[in-house]
Protein chains: 2
Amino acid sequence: MIVALAGGVGGARLAVGLAQVLSPRQLAVVVNTGDDFEHHGLTVCPDIDTVAYTLAGLNNPRTGWGRVDETWNFMQALGALGGETWFQLGDRDLAMHVLRTQALRSGMPLSQITRQLSRRLGLRHSLIPMSDTPVRTRVRVAGGELDFQDYFVRQRCKPRVHGFRFAGAARAQVPAPLAEIMTNGRVDAVVICPSNPYVSVAPILAVPAIRRWLRERTFPVVAVSPIVAGAAIKGPAAKMMRELGAPVSCEGIASHYGRRVDGWVIDRADAPAEARIAASGRAVAVADTLMTDVAASKALALDVLRFARALAKSRAR
Amino acid sequence: MIVALAGGVGGARLAVGLAQVLSPRQLAVVVNTGDDFEHHGLTVCPDIDTVAYTLAGLNNPRTGWGRVDETWNFMQALGALGGETWFQLGDRDLAMHVLRTQALRSGMPLSQITRQLSRRLGLRHSLIPMSDTPVRTRVRVAGGELDFQDYFVRQRCKPRVHGFRFAGAARAQVPAPLAEIMTNGRVDAVVICPSNPYVSVAPILAVPAIRRWLRERTFPVVAVSPIVAGAAIKGPAAKMMRELGAPVSCEGIASHYGRRVDGWVIDRADAPAEARIAASGRAVAVADTLMTDVAASKALALDVLRFARALAKSRAR
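From a predicted model like this one, the values you see are computed outputs, not experimental measurements.

So, how was this worked out
- Residues numbered from 1 in each chain as written.
- Chains lettered and ligands numbered in written order.
- Predicted model: local features only at pLDDT ≥ 70, side-chain atom pairs only at ≥ 80, totals over all residues.
- Heavy atoms only, no water.
- Salt bridge = Lys/Arg side-chain N within 4 Å of Asp/Glu carboxyl O.
- Helix = DSSP H or I, 4+ residues; strand = E, 2+ residues; numbered from the N terminus.
- Buried < 20%, exposed > 50% of the residue type's maximum accessible area, 1.4 Å probe, protein only.
- Axes fitted to C-alpha atoms, helices over the stretch in contact; angles between N-to-C directions.
- Parallel < 35°, antiparallel > 145°, perpendicular 65-115°, else oblique.
- Left-handed = near helix turned anticlockwise from the far one by under 90°.
- Contact = heavy atoms within 4.5 Å.
- Nonpolar A, V, L, I, M, F, W, Y, C, P; charged D, E, K, R; others polar.
- Core = buried A, V, L, I, M, F, W, Y, C linked by side-chain atoms within 4.5 Å.
- Least-squares fit on C-alpha atoms with pLDDT ≥ 70 in both.
- Pairing = 2+ DSSP bridges.
- Phe/Tyr/Trp six-rings, centres within 6.5 Å; stacked < 30°, edge-to-face > 60°.
- Right-handed = clockwise from strand over helix to strand, strands pointing away.
- Buried area = accessible area lost by both parts, 1.4 Å probe.
- Polar contact = N/O pair within 3.5 Å; in protein donor to acceptor, adjacent residues only side chain to side chain.
- pLDDT = per-residue confidence, 0-100.

## Focus: the pattern of salt bridges
Going through the model one piece at a time under the given rule, you end up with 22 salt bridges over all chains. The partner of D49 of chain B in a salt bridge is R100 of chain B, and the shortest N-O contact between them spans 2.4 Å. Within this pair, whereas D49 of chain B is found in helix α2 (residues 46–56), its partner R100 of chain B is found in helix α4 (residues 93–105), the two being separated by 51 residues in sequence. The pair D49 of chain B / R100 of chain B is uniform in exposure class, with both members buried. Each member of the salt-bridge network shares a partner with another, and the members are R217, D262 and R315 of chain A.

## Brief notes about the packing of helix α8 (residues 197–205) of chain B against helix α11 (residues 250–257) of chain B
Residue and element names in this part refer to chain B. Look at α8 against α11: their axes get within 13 Å of each other, and the N-to-C directions meet at 20°. It follows from the interaxial angle that α8 and α11 lie roughly parallel. Both α8 and α11 take part in a crossing whose hand is right-handed. Here P197, Y198, V201 and L205 of α8 come into contact with α11, specifically with I253, H256 and Y257. Class assignment of the residues belonging to the contact of α8 with α11 gives a composition of six nonpolar, one polar and no charged.

## Notes on the environment of L311 of chain A
Residues and elements named next belong to chain A. Position of L311 among the secondary structure elements: in helix α13 (residues 294–316). Overall, L311 belongs to the buried group, its relative accessible area being 12%. Note: C-alpha distance between L311 and G82 (229 residues apart in sequence) is 56 Å. Apart from the residues within four sequence positions on either side, L311 is in contact with P220, V222, D262, G263 and A283.

## Remarks on the nonpolar core
One finds L14, F74 and V265 of chain A together with L14, F74 and V265 of chain B to be the most contacted residues of the largest nonpolar core, which totals 110 residues. If we skip the residues at most four places from it in the chain, V265 of chain A touches V222, A223, V224, S225, A285, A287, T289, L300, V304 and F307 of chain A. Core analysis: the next-biggest nonpolar cluster, separate from the first, contains 57 residues, Y151, F166, A202 and A254 of chain A among them.

## Looking at the relation of the copies chain A and chain B
Overlay of chain A on chain B (RMSD 0.0 Å): rotation 180°, translation along the axis 0.0 Å. Read as a symmetry element, the transformation amounts to a two-fold axis. Among all residues of chain A, the minimum C-alpha distance to the rotation axis is found for D91 of chain A, at 3.0 Å. The fraction of interface residues of chain A whose copies in chain B are also interface residues reaches 100%, indicating that both copies meet through the same surface.

## Quick look at the sheet that holds strand β8 (residues 161–167) of chain A
Residues and elements named next belong to chain A. Pairing is antiparallel across the open sheet formed by three strands, whose spatial order is β7-β6-β8. Of all strands in the sheet, those bounded by a partner on one side alone are β7 (144–147) and β8. Here the strands of the sheet are splayed against their neighbours by 30° on average, with no regard to which way each runs. When strand β6 (residues 136–141) meets β8, the two strands line up antiparallel, connected through six bridges. Across the sheet, R140 pairs through a bridge with G163, a residue of β8. Strands in contact with helix α8 (residues 197–205) are β6 and β8; relative to β8, the strand with the most contacts, it is inclined by about 30°.

## Describing the packing of aromatic side chains
Applying the stated criterion across every chain, the model contains 18 aromatic pairs over all chains. Ring centres 6.4 Å apart and planes at 45° place the aromatic pair F148 of chain A and Y151 of chain A in the tilted group. Taken together, the residues F148 of chain A and Y151 of chain A, both in helix α6 (residues 148–154) and three residues apart, mark about one turn of the helix. What makes F148 of chain A buried here is its relative accessible area of 5%. Judged by centre distance (4.9 Å) and plane angle (20°), the ring pair of F148 of chain B and F152 of chain B falls under stacked. Within this pair, F148 of chain B and its partner F152 of chain B are both found in helix α6 (residues 148–154), separated by four residues, close to a single helical turn. Take F152 of chain B: its relative accessible area is 33%, and that puts it in the partly exposed class.

## Details of the sheet that holds strand β14 (residues 283–287) of chain B
Residue and element names in this part refer to chain B. Ordered by their spatial adjacency, seven strands build an open sheet running β5-β2-β1-β9-β10-β13-β14, and the pairing between neighbours is parallel. The strands lining the two open edges of the sheet, one partner per strand, are β5 (126–129) and β14. Neighbour-to-neighbour, the strand axes of this sheet turn through a mean angle of 25°, independent of strand direction. Sheet topology note: the strand β1 (residues 2–6)/strand β9 (residues 189–192) ladder contains four bridges and is parallel. Along β9, the bridge assignment pairs A4 with V191. Each of β1, β2 (27–31) and β9 is contacted by α8, which is oriented at about 130° to β1, the strand it contacts most.

## Describing the pairing of strand β13 (residues 263–267) of chain A
Residue and element names in this part refer to chain A. Of all five residues that make up β13, five are buried, and the element is covered over most of its length. In β13, alternate side chains face the same way, and those of G263, V265 and D267 on one face and W264 and I266 on the other are all buried. As paired strands, strand β10 (residues 221–224) and β13 are joined by three bridges and run parallel to one another. Counted as the bridge partner of V224 is V265 from β13. What joins β13 to strand β14 (residues 283–287) is helix α12 (residues 274–279), and the crossover it makes is right-handed.

## Here's the deal with the interface of chain A and chain B
Listed as interface residues are 25 residues of chain A and, on the opposing side, 25 residues of chain B. Buried surface at the junction of chain A and chain B, both sides included, amounts to about 2,200 Å², of which 65% is carbon and sulfur. Per-residue buried area on chain A facing chain B is highest for N73, L81 and R120 of chain A; these three make up 26% of the total on that side. The tally of links from chain A across to chain B stands at zero salt bridges. Counting across the chain A and chain B interface gives eight residue pairs in polar contact (both at pLDDT 80 or more). Of all the secondary-structure elements, those providing two or more residues to the side of chain A that touches chain B are α3 (73–80), α4 (94–105) and α5 (110–120) of chain A. Here the side of chain A that touches chain B takes seven residues from α4 of chain A, the largest share from any one element. Each residue belonging to the side of chain A that touches chain B can be placed in one class, and the counts come to twelve nonpolar, eight polar and five charged.

## A look at helix α9 (residues 208–215) of chain A
Buried residues of α9 of chain A: P208, I210, W213 and L214 of chain A, and no others. For α9 of chain A, the elements touching its buried residues are β1 (2–6), α7 (176–183), β9 (189–192), α8 and β10 of chain A.

## Digging into the confidence of the model for chain A
For chain A, the mean per-residue pLDDT works out to 96, and 100% of the residues sit at or above 70. Here the prediction assigns the complex a pTM of 0.94, and the interface score ipTM is 0.93.

## Considering the packing of α4 of chain B against helix α5 (residues 110–120) of chain B
All names here are of chain B. At a minimum axis separation of 10 Å, α4 and α5 run at an interaxial angle of 140°. Relative to α5, the crossing made by α4 is right-handed. Packed against α4, whose contacting residues are M96, L99, R100, A103 and L104, the element α5 presents L110, I113 and L117 at the interface. Across the contact of α4 with α5, the residue classes break down as seven nonpolar, no polar and one charged.

Given below as structure tokens:
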């Protein structure tokens, strides 16, 4: 069994590939909830929705968030009534937030809600939020902290980041299905998807039970670099690395994760870095990591799984 | 100053007429909240919205509820995700419910929310909910009670009614602006709009402070019959009257209200009933009450105001 750790778009795309080649029993996708937030009284879970919509083929490929063939009449009416419009909620997308919020208020755990909604979207594979209790990413900036969506959407990642805090992480409750996976002895590898290391993957790794589980692992952790040729495919990862003084490269990413990752999958464009990363004691595989379509996602997933299997074998020896 | 008591469509149409001929200082429309309900975690106020949309010219004239030029993508997505779809919420309409619910949760009184939202819709006249605390109409049927919207929308008024209960009415808190009007000595007349007597007007009259104010009135109460030629223009009023053993006629309505109404405005189609209602001690005016367009609403409003003024004069003598 493979457990994939995923944030938004990059995570969603690799999840699509993994879901193409692994059965529902062979794959669980653990999704970041650090960028969840309450907006207009609704609980919005951007990463869960991006992964769910992408797996369902309902995602908007242009924006990287929200649904394809979306309409915006709610948002327009909301704006006319004086409501805040900096975070766009599409008419169809809104159904997820309304149902989720209603279920959360009734006391249902987020993991169970996610399971129900993703099944309704037609997903067969498990999407599991990293926590059933709220964890909220705060961005440290000059003079204070910003809520993640305030930084990410309202301020378009403009403020220079000084660091991050994952409020609620220390007491985060791992969902029951994830706790089961962490103790069932069936996990062959953990795959860290090419998601932002600071705001997509770090919140997952900040959940104490997950951190402990990975520290005591008997399986390999394999990661796909979100940095290709010195840039992020999407989002502010490269800008954040620069602002935090990390080299914007797959070596920079590898050194950020250190011993938490056993094997790196880097893009062909970065093949020259292979030896340097290997020199730091990590295994390295070179692959096409861009996932421009489902076929590319599937091919990368096969590469990642082959690599993970090889690492697991060498560990077993 | 005129205070109009209004439910849904009939109330909204007369309110439009009154707003055409009275300044914002001369008119307050007090709206039924008995059919408000919580749905999908949102507080929906159907009568407030119908009156607000109608005054703003945004109402859907075909359905009698919701907004014109509406889209239904939220509802469709909600249904696909397993949500309940028996109560239709349009994409644009949803903005009202989301903003209202958010403001209610923040502790803002419904009356203040209604004021803000109706101003944003462009209204100049005051819409005041009958209560700032929840009052919920329950329909007594064989074997128990139904929530109003369950009876009205989900069961399409099919169950035979045995009576009504207005849960929360006994401790209903009249909004501050209505309390001010009830004590400012400026009210010349109260107009009961042609709304359902049982489920639109009765909840308003069940609010203790309003009931007391009307009982001790020094101004006339004028009502427009919602029954014309033995039928209701819209909605289940006639069916309810039949099931409760009341004659389905404007006389039946007049006897239902008894001494709570001083003067009746009945439709030309019911002119023969004029003498019989007058014989019971009520003043009667005959008018065109159908309000098929804004001009007709305005004409009826002028008739109602003329009648009310005459009654006020004869009271003063």
